[in-house]
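Geometric and topological summary
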Amino acid sequence: MSNTNTSVENHFQNIISHAKEYGFVFPSSEIYDGLAAVYDYGQAGVELRRNLRDYWWKSMVQMHDNIVGIDAAIFMHPTTWKASGHVDSFSDPMVDNKDSKKRYRVDVLIEDKAAKLEAEGKVDDAKNLIAKMDALLTASDFKGLNELLTSEKIICPIAGNGNWTDVRQFNLMFSTQMGSVADDSDTIYLRPETAQGIFVNFLNVQKTGRMRIPFGIAQTGKAFRNEIVARQFIFRMREFEQMEMQFFVRPGSEMEWYNLWKQKRMAWHKSLGIPENKLRFHDHTKLAHYANAAVDIEFEFPFGFKEVEGIHSRTDFDLKQHEAFSKKKMQYFDNDVNPETGKPYGNYVPYVVETSVGLDRLFLLTLSNAFEEQILPKEDGTTDSRSVLHLPAILAPYKAAILPLMKKDGLPETAKEIADSLRKHFNIFYEEKDTIGKRYRRMDALGTPFCICVDHQTLQDQTVTVRHRDAMTQDRIHISEIKPMIDKAVEIF
Ligand code: GAP
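Quick caveat: nothing in here was measured; it's all calculated off a predicted structure. (Residues numbered from 1 in each chain as written. Predicted model: local features only at pLDDT ≥ 70, side-chain atom pairs only at ≥ 80, totals over all residues. Heavy atoms only, no water.)

**Some remarks on the site of the ligand**
Lining the immediate environment of the ligand, one finds 20 residues, of which Glu193, Met237, Glu244, Glu307 and Val308 sit closest. The backbone of Gly358 places a nitrogen or oxygen atom 3.0 Å from an oxygen atom of the ligand. Relative to its unbound accessible area of 550 Å², the ligand is 93% covered by the protein chains. Looking at the shell around the ligand, the elements with two or more residues in it are β10 (239-249), β13 (304-315) and β16 (351-358). (Near = heavy atom within 4 Å. Polar contact = N/O pair within 3.5 Å; in protein donor to acceptor, adjacent residues only side chain to side chain. Areas by Shrake-Rupley, 256 points an atom, 1.4 Å probe, with all protein chains shown as cover. Helix = DSSP H or I, 4+ residues; strand = E, 2+ residues; numbered from the N terminus.)

**Digging into the packing of aromatic side chains**
For any pair of aromatic rings, geometry is given as the distance between the ring centres together with the angle between the planes. Considering all chains together, one arrives at 18 aromatic pairs under this definition. On the numbers, 5.5 Å between centres and 65° between planes, the contact of Phe247 with Trp261 is edge-to-face. Separated by 14 residues along the polypeptide, Phe247 in strand β10 and Trp261 in helix α10 (residues 254-271) bring together distant segments of the chain. Neither Phe247 nor Trp261 differs from the other in exposure class; each is buried. Relative to Phe429, the ring of Tyr398 lies with its centre 4.9 Å away and its plane at 85°, an arrangement referred to as edge-to-face. Taken together, the residues span a long stretch of sequence, with Tyr398 in the loop between β18 (383-389) and β19 (400-404) and Phe429 in strand β20 (residues 428-430) at a distance of 31 residues. What makes Phe429 buried here is its relative accessible area of 16%. (Phe/Tyr/Trp six-rings, centres within 6.5 Å; stacked < 30°, edge-to-face > 60°. Buried < 20%, exposed > 50% of the residue type's maximum accessible area, 1.4 Å probe, protein only.)

**Topic: the sheet that holds β20**
Read across the open sheet, the five strands follow the order β20-β19-β21-β22-β23; overall the sheet is mixed. Of all the strands in the sheet, just β20 and β23 (474-478) have a single pairing partner and so form its edges. In this sheet, neighbouring strand axes are inclined to one another by 25° on average, regardless of whether the strands run parallel or antiparallel. The pairing of β19 with β20 spans three bridges and is parallel. In the sheet register, Ala400 faces β20, and the bridge partner there is Ile428. The sheet contacts of helix α14 (residues 436-446) involve β19, β20, β21 (450-454), β22 (463-468) and β23, and relative to β19 the element is tilted by about 170°. (Pairing = 2+ DSSP bridges. Axes fitted to C-alpha atoms, helices over the stretch in contact; angles between N-to-C directions. Contact = heavy atoms within 4.5 Å.)

**Digging into the packing of helix α2 (residues 43-62) against α10**
As a packed pair, α2 and α10 sit with axes 12 Å apart at the nearest point and diverge in direction by 140°. As the angle between them shows, α2 and α10 are arranged oblique. As for the relative orientation of α2 and α10, their crossing is right-handed in sense. Contacts between α2 and α10 pair Tyr55, Trp56, Ser59 and Met60 from the former with Trp261, Arg265, Trp268 and Ser271 from the latter. In the contact of α2 with α10, the residues fall into five nonpolar, two polar and one charged. (Parallel < 35°, antiparallel > 145°, perpendicular 65-115°, else oblique. Left-handed = near helix turned anticlockwise from the far one by under 90°. Nonpolar A, V, L, I, M, F, W, Y, C, P; charged D, E, K, R; others polar.)

**As for the domain arrangement of the chain**
What the domain assignment reports for the chain is domain 1 (3-75 + 184-366), domain 2 (91-171) and domain 3 (398-489). Here domain 1 and domain 3 have C-alpha centroids that lie 38 Å from each other. Each partner contributes to the interface: domain 1 provides seven residues, whereas domain 3 provides six residues. Here domain 1 meets domain 3 over a buried area of about 510 Å², counting both sides, of which 54% is carbon and sulfur. Counting across the domain 1 and domain 3 interface gives zero salt bridges. For the interface between domain 1 and domain 3, the tally reads two residue pairs in polar contact (both at pLDDT 80 or more). Among the elements that make up the side of domain 1 that touches domain 3, the one with the highest residue count is α2 (four residues). Of the residues in the side of domain 1 that touches domain 3, the class split is three nonpolar, three polar and one charged. (Domains from an automatic or database assignment. Buried area = accessible area lost by both parts, 1.4 Å probe. Salt bridge = Lys/Arg side-chain N within 4 Å of Asp/Glu carboxyl O.)

This is how it looks when you write it as structure tokens:
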């Protein structure tokens, strides 16, 4: 491994350690050595994750008068997944190494090889390899994929050889049984995307909400995928949360809406302070069975640019499939007049533009972007260091920490009074243990934007010291100014 790779790997490991040390993310059931690709959120993580979800909900639902939310059940009628195509085609071509018994996604093995070629400056070879793989995947030519693994000398990193089984398809849906008798007819699936809960409720919402096209339905909730390649912390999980919005439009107008949502969603990520050079679009060349256009928003994670959100023009595929399988009409009557014919548009199955972002992946993006290990020069020529999360105030788990300078002279009582008056409005941290310097460092690591220090002067003139997380500067303000200061910091719309 090169030095650069090592330092990238270390940086990522430091983010993972930080997430655990400060109560953001723990491995699931850790006392039993964890469960692969499943994670739990701790006391700070649950707040950050909820703030991300709330910010998404606010900007997608509250800020649009033509978008409403729902919360569909995770279990759905099994025919849903027949209709959506997931039973037949939600699968990945996999291959096992006969010696290490490890299973890999074939496209990931080949992409890793292409990345290596690119790093060695063999850019054309890398491009050719990806083009060959794409052609074989599109043709479902598994024998050809096996041959490609051999001709490219792609080996299992654990066994150190290319002793592969035949490439085979594996469905990524988890299934379970509903009811007391386990037989095939009772098999139900844990939803692999939240979108289908929106499609099956399209008419319920349209009619009861008297929605007129164009309109959207948003939902956040858990999704489950039996991912085979589950690496990179919370980037690819087996249980994760999605935040999806299906926007129903007039057929023929979908590309206009697709382009608009593409821009809107990119602007949303930037609104959270993600620098422009760390975000990019990646157009899909190989489209999913339901899409006529698709793009990913990618973020530069410590391990490279990777998808964080997908924007898909899903045509009328899903609603038409549900119409066919359920025998229930999925049509909308549009009484707006078509200027070309002078008559109402009439009945049609709407087209759909989808925005789909993974909450956990967004969490990792936020942590990666916010995390910094700073070396701080001291006046005596030596250095100090701190780990800091430069989180936007709206996302920070705690908006302020209230810290009495000492544990005596009535300072804790006054500090507690201030904390209690702010708690009604914000999540507040109160801490009286340790030196003030140590407490500042702990708050930096949690991403708390303001530390409010209560000292002896507070008792005399009702002023406190505000220490700012990023600049580490301090000002003195009146207690009555604390709330307006935090209000201003969390204001984003
Ligand atoms: N309804 C469309 C859909 O599900 P997708 O591209 O498969 O599209 C959308 O998933 C988003 O969900 C991804 O961009 C990613 O953020 C998140 N996601 C997908 N699989 C994931 C996994 N295994 N772990 C964490 N997040 C995942």
